[in-house]
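Working through the structure, step by step
Spelled out, the chains give:
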Amino acid sequence: MERYVDAPPPPGSSSRMVALITQRIQIWSDKSAPYVAVRWALWLVLVAGFAARIWLLKGFYIVAYALGIFNLNLLLGFLSPQVDPALEGPSLPSRGNDEFKPFVRRLPEFKFWYSSTKALCLGFLATFFSAFDVPVFWPILLLYWSVLFFLTMKRQIRHMLKYRYLPFSIGKRKYADKGKDPSGLR
């Protein structure tokens, strides 16, 4: 359903400021969409900044753990097909003579990056409030997250092998001419 607004909010109001900020964020995200490597490099810089802040403050480990769990969930969506072959039958080609059907992700790359970046910024913001500095023994959290990561990835890889799909494209397949030697040594 569409929202109709009779008049724009008055200048200087908080709703106008929020609308302006939201519009600027949308413009920058639209401009950054084609630059995959730059976006992920920016994300790595944000991760390094967040890790440095956690390391220097020697706290907020629960925020880092929550961020890790959220990113693990995003990664699973990124690696999973949009239509689960276990529930709706194999929709991906399983033999060489099957029709080609491209891999469609449950969570597209841009949404993965955007959600992860937003969560990283919120996690960074949470480190400025002492209410989120819950005293925990961080090696236990790290061990638990590592076990969770490896068990989840093991299950995901088994799913990929069982239904024969690869969530990454290496590039366009190249075929040799019939008259040429495939090794190219002729």
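Before reading further, recall that the structure is shown in the block above.
This section reports on the structure supplied with the text. All values reported here derive from a predicted model rather than from experimental measurement. (Residues numbered from 1 in each chain as written. Predicted model: local features only at pLDDT ≥ 70, side-chain atom pairs only at ≥ 80, totals over all residues. Heavy atoms only, no water.)

**What to know about the packing of aromatic side chains**
In this structure the tally under the stated criterion is 11 aromatic pairs. When the ring of tryptophan 113 is compared with that of tyrosine 114, the centres are 6.4 Å apart and the planes differ by 45°; the resulting orientation is tilted. Exposure remark for tyrosine 114: the relative accessible area of 26% places this residue in the partly exposed category. Centroid distance tryptophan 145 to phenylalanine 149: 5.3 Å. Interplanar angle 15°. Geometry classified as stacked. With tryptophan 145 and phenylalanine 149 both in helix α6 (residues 138–163) and 4 residues apart, this pair spans about one turn of that helix. For tryptophan 145, a relative accessible area of 25% gives the class partly exposed. Assessed through its relative accessible area of 22%, phenylalanine 149 is described here as partly exposed. A connected cluster of aromatic rings, assembled from ring pairs, spans Trp40, Trp43, Phe78 and Phe112. Across the ring face of tryptophan 113, the terminal group of arginine 39 is positioned such that the distance to the ring centre comes to 5.1 Å. (Phe/Tyr/Trp six-rings, centres within 6.5 Å; stacked < 30°, edge-to-face > 60°. Buried < 20%, exposed > 50% of the residue type's maximum accessible area, 1.4 Å probe, protein only. Helix = DSSP H or I, 4+ residues; strand = E, 2+ residues; numbered from the N terminus. Lys NZ or Arg CZ within 6 Å of the ring centre and 35° of its normal.)

**Regarding the nonpolar core**
Across soluble globular proteins, nonpolar side chains show a tendency to be buried alongside one another. Membership of the largest hydrophobic core is limited to 11 residues, which are Leu72, Leu74, Leu76, Phe78, Leu79, Leu107, Phe112, Met153, Met160, Tyr163 and Tyr165. Going through the elements one at a time, α3 (61–79) and α6 are the ones with two or more residues in this core. When residues of this core are assigned to their parent elements, the largest contribution, 5 residues, is made by α3. If sequence neighbours within four positions are ignored, methionine 153 has contacts with Leu72, Leu75, Leu76 and Leu79. Residues Trp43, Val63, Leu67 and Ala126 belong to the second largest nonpolar core, which totals 10 residues. (Core = buried A, V, L, I, M, F, W, Y, C linked by side-chain atoms within 4.5 Å. Contact = heavy atoms within 4.5 Å.)

**Remarks on helix α2 (residues 36–57)**
Every α-helical turn comprises 3.6 residues, leaving residues that sit three or four positions apart pointing alike. With 22 residues, α2 ought to run about 32 Å at 1.5 Å a step, and its terminal C-alpha atoms sit 32 Å apart, in line with that. Along α2, the positions that sit buried rather than exposed are Arg39, Trp43, Phe50, Arg53 and Ile54. Along the axis of α2, the buried positions cluster into a sector of 95°, meaning they face one direction only. Exposed side of α2, more than 90 degrees from the buried face: Ala37, Val38, Leu44, Val45, Trp55 and Leu56 are the residues found there. Once α2 finishes, lysine 58 follows within two positions and takes phi at roughly 50°, a positive value. (Expected span 1.5 Å × (residues − 1). Arc of directions from axis to C-beta.)

**Structural notes on the packing of α2 against helix α5 (residues 109–126)**
The interhelical angle for the contact between α2 and α5, taken along N-to-C directions, is 25°, at an axis separation of 10 Å. Considering their axes alone, α2 and α5 lie roughly parallel with respect to each other. Considering the relative orientation of α2 and α5, their crossing is left-handed. Here Val36, Arg39, Trp40, Leu42, Trp43, Leu46, Val47, Gly49, Phe50 and Arg53 of α2 come into contact with α5, specifically with Glu109, Phe110, Phe112, Trp113, Ser116, Thr117, Leu120, Cys121, Gly123 and Phe124. (Axes fitted to C-alpha atoms, helices over the stretch in contact; angles between N-to-C directions. Parallel < 35°, antiparallel > 145°, perpendicular 65-115°, else oblique. Left-handed = near helix turned anticlockwise from the far one by under 90°.)

**What about the pattern of salt bridges?**
Going through the model one piece at a time under the given rule, you end up with 1 salt bridge. For glutamate 109, the salt bridge goes to arginine 39, with nearest N and O atoms at 3.0 Å. With glutamate 109 in helix α5 and arginine 39 in helix α2, the pair connects residues that are 70 residues apart, well separated along the chain. (Salt bridge = Lys/Arg side-chain N within 4 Å of Asp/Glu carboxyl O.)

**Points about unusual backbone geometry**
Leaving glycine aside, a negative phi is the common case for residues, and trans is the common case for peptide bonds. We note that lysine 58 has phi near 50°; this positive angle belongs to a residue other than glycine. Tracing the chain through its elements places lysine 58 in the loop between α2 and α3. Lysine 58 gets classed as exposed once you look at its relative accessible area, which sits at 52%. In the Ramachandran plot, phenylalanine 60 falls in the positive-phi region, its phi being about 60° despite a non-glycine side chain. Relative to the assigned elements, phenylalanine 60 resides in the loop between α2 and α3. Phenylalanine 60 gets classed as buried once you look at its relative accessible area, which sits at 6%.

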